[in-house]
Each structure stands twice: as C-alpha cells, then as structure tokens.
Amino acid sequence: METRTVVAEFIGTAMLVLFGVGSLVLAGDYINALGISLAFGFTLIAIAFAFGRISGCHINPAVTLGVLLARRIDIRTAVQYWVAQFVGAIVGAAILFLLANQVPRLQTAGAFGSNGYGGRSPVGMGAGGAFLAEVLLTFLLVFVFLTVTHAVPMVGAEPVPVGLALAAVNLIGIPLTWASVNPARSFGPAIFAGGDALGQLWLFIVAPLVGGVLAAAVHRFTHLHPAGRAEQEEAHPPPATGPWGRMRGGHRPEAGGPETKGPETKGPEAA
C-alpha cells in the first residue's frame, strides 16, 4: 500500500466536503438544489481526473465497501481508505467552518450542510423513508461506479458518468435528506453542526453502507466476474479464423496455405 494512495483519498474527500458541502453552506440560497447538485458532480469529476489514477478516487466509504466486496481491493487497503476518508472529511469541514464564520449572519450551529430526517428534512421525511432513500440513492451511485470502472484506478472518461450519477442522486436526495450517499460527507459537517445532526448521524452512516453492499451484490449478478470470464474463455477458446473467415495471417482456410498444411500451389516454374 503506497502512502500516496491514502493521501489521495484524504485530499479528495476533504475537497469534496469543502466544495460540495460548501456550495450548500455558502451559496445554497443563490444556486438552489440544482446548483448544489452540479457542484457535487463537477467537483467529483475534477477530483477523479486528478486522483483517479492514484487511488481510484473512491472518496466515499460506501464506494470503498462496494469495491472491497467486488474483490478489487483487500480489507487492509479498505481500512486505510476509510480512515483517510473520514479524517479528510473532518479536515474539509473544519476549513469550511472557518470560512463560514467569516460570513456575517451565517448560522452554522445545528445545520452546516448536515443531513437529517424528520424536522431536519426539507420535506419532513421520517427515519424509515430517509433510510430507504439513502439506500437506494447510494445503490445507484456505487453501482454506476462498479460498472464503469474495471480496476482500482479510475482512468479515461470513467469520472464523467460517476460524477453525473452523484449529481443525479443529489437532485433527488437534497429535498429528502440533504443527500448524504457518503458516510464521510455526513460525518465531517455533523461534528461542527452538533445537536440533532450528531443524533441522526447513525442513519447517514449505516444506510449508505447498506446501499454499497446491495450495489456490489447486484453488480456481481449482472456483470460477469473477471475470473469467471477468463474461465469461460478458456473453456471456449476463440476460433482460429478472424474476421471475414480468414486465417490469422491473411489466408483463407480453403486456400491450402501454410497454416493448413495443405498441398503447396505450384507456380509456372514447377510446371
């Protein structure tokens, strides 16, 4: 386990909390749910392009759990990622807290971008509905992550659909619970919000993890595991002929070329 992968998860999670939750705390009255959702999605895309090749850019304990259950990382790596993610969320929330305190008349106590249900939900959703919503929304996010990525590093255009998925679940989840889908994202702001935010924090840790487990189970069912694919290809090797019925090397099987060990065609000199 390289130190830089842990550092990448730490910095990435801190940035997601600082800029994603920061869009809610500092600019929520101006950009509304759509702007906040896009801020989360765009931030994740940018971070993934920066750190995806280093750590895979999970920056979410639920994603790390899904990747662990998909057998792409071992338990030791997962624990190190979780520690880095939660510490990064605390640091990101601390920086945001210092910044928010510089804004006149901005209240941070009891709110501060934290998640909630019941009286702390924008629509008054109860604990049961909030739990179900967080499970389903996290399922979508983790399932998309597992589907578009095929190894630990996140490379190429893979960050784009994952970022769009995060923006989509925020669009749905912000009116319900302020959209967690990430235990670390909920943990950092709740520490500084205090009060009921800490009392309700358990739901926004447990429900996203359940969603991650569900996503890993469905992904294993719908997408063939690499080991299983390798065994299938070994049992049914590809045909010797390539496209358009030609042997590899350019000769047709019926042409009697060297690949088929057929009779050699004689030229005029042999006639």
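Being a predicted model, the structure only gives us computed values, none of them experimental.

Novice: Before we go on, may I ask you to explain the overall build of the chain in this structure?
Specialist: The secondary structure content of the chain amounts to nine helices and zero strands. Mapped from its N terminus to its C terminus, the chain presents α and β elements in the order α-α-α-α-α-α-α-α-α. In the chain, buried positions account for 44% of the 271 residues. Only carbon and sulfur atoms are counted for the fraction: they give 67% of the accessible area of the chain, which is about 13,600 Å².

Novice: How should the environment of Val213 be read in this particular structure?
Specialist: When you line up the elements, Val213 lands in helix H8 (residues 203-222). Separated by 78 residues in the primary sequence, Val213 and Val135 place their C-alpha atoms 9.5 Å from one another. Residues in contact with Val213, not counting those within four places in the same chain, are Leu65 and Leu69.

Novice: Can you help me understand empty space enclosed by the protein in this one?
Specialist: To find the voids left in a structure, one rolls a probe of water-molecule size over its atoms. In the structure shown here, the tally under the stated rule is one cavity of 30 Å³ or more. For the largest cavity, the calculated volume is near 130 Å³. The set of elements that each furnish at least two residues to the lining of the largest cavity consists of helix H1 (3-55), helix H4 (127-148) and helix H5 (159-177). By residue class, the composition of the lining of the largest cavity is twelve nonpolar, five polar and one charged.

Novice: What should I look at first to understand the nonpolar core in this one?
Specialist: In summary, soluble globular proteins display a tendency toward joint burial of nonpolar side chains. Formed by 50 residues in total, the largest nonpolar core has its most connected members in Phe112, Phe145, Leu146 and Leu166. Contributions of two or more residues to this core are made by H1, helix H2 (61-69), helix H3 (75-100), H4, H5, helix H6 (183-193) and H8. With 13 residues, H1 is the largest single contributor of residues to this core. In this structure, Leu166 is in contact with Leu16, Phe40, Gly41, Leu44, Leu141 and Val181, ignoring residues within four places of it in sequence.

Novice: It is not clear to me how the layout of surface pockets should be interpreted in this structure. Could you clarify?
Specialist: What the largest pocket holds in volume is close to 510 Å³. Contributing to the lining of the largest pocket are 22 residues, with Leu24, Val25, Gly28, Asp29 and Leu106 lying nearest its centre. Top contributing element to the lining of the largest pocket by residue count: H1, with nine residues. Residues that form the lining of the largest pocket fall into these classes: 13 nonpolar, six polar and three charged.

Novice: What should I look at first to understand a nonpolar patch on the surface in this one?
Specialist: Among the surface-exposed residues, Ile75, Val79, Val83, Val87, Val91 and Ile95 lie close enough to one another that they form a single nonpolar patch of about 460 Å² accessible area. Within the secondary structure, Ile95 sits in helix H3. With a relative accessible area of 43%, Ile95 lands in the partly exposed category.

Novice: Before we go on, may I ask you to explain H3 in this structure?
Specialist: Counted at 1.5 Å a residue, the expected span for H3 with its 26 residues is 38 Å, and the 37 Å between its end C-alpha atoms agrees. Looking only at H3, the buried set comprises Thr77, Ala78, Tyr81, Ala84, Gln85, Gly88, Ala89, Gly92, Ala93, Leu96 and Ala100. Here the buried face of H3 lies against H1, H2 and H6.

Novice: Would you mind going over the packing of H1 against H5 with me for this structure?
Specialist: Describing two packed helices takes the angle between their axes plus the distance from one axis to the other. Interhelical geometry of H1 versus H5 gives an angle of 155° and a closest axis separation of 8 Å. Taken as axis vectors, H1 and H5 run roughly antiparallel relative to one another. In this structure, the crossing between H1 and H5 has a hand that is right-handed. Counted together, Leu16, Ala33, Leu34, Ile36, Ser37, Phe40, Gly41, Leu44, Ile45, Ala48 and Phe49 of H1 and Pro159, Val160, Val162, Gly163, Leu166, Ala167, Asn170, Leu171 and Ile174 of H5 form the full contact between these two elements. Partitioned by chemical class, the residues of the contact of H1 with H5 number 16 nonpolar, four polar and no charged.

Thresholds, definitions, all that
Residues numbered from 1 in each chain as written. Predicted model: local features only at pLDDT ≥ 70, side-chain atom pairs only at ≥ 80, totals over all residues. Heavy atoms only, no water. Helix = DSSP H or I, 4+ residues; strand = E, 2+ residues; numbered from the N terminus. Buried < 20%, exposed > 50% of the residue type's maximum accessible area, 1.4 Å probe, protein only. Areas by Shrake-Rupley, 256 points an atom, 1.4 Å probe, with all protein chains shown as cover. Contact = heavy atoms within 4.5 Å. 1 Å grid on protein atoms, 1.4 Å probe; cavity = no way out; pocket = protein on both sides within 12 Å on 5 of 7 lines; lining within 4 Å. Points joined across faces, edges and corners; volume = space filled by probe spheres on them. Nonpolar A, V, L, I, M, F, W, Y, C, P; charged D, E, K, R; others polar. Core = buried A, V, L, I, M, F, W, Y, C linked by side-chain atoms within 4.5 Å. Patch = residues over 30% accessible without salt bridge, like charges linked within 9 Å, V, L, I, M, F, W, Y side chains within 5 Å. Salt bridge = Lys/Arg side-chain N within 4 Å of Asp/Glu carboxyl O. Expected span 1.5 Å × (residues − 1). Axes fitted to C-alpha atoms, helices over the stretch in contact; angles between N-to-C directions. Parallel < 35°, antiparallel > 145°, perpendicular 65-115°, else oblique. Left-handed = near helix turned anticlockwise from the far one by under 90°.

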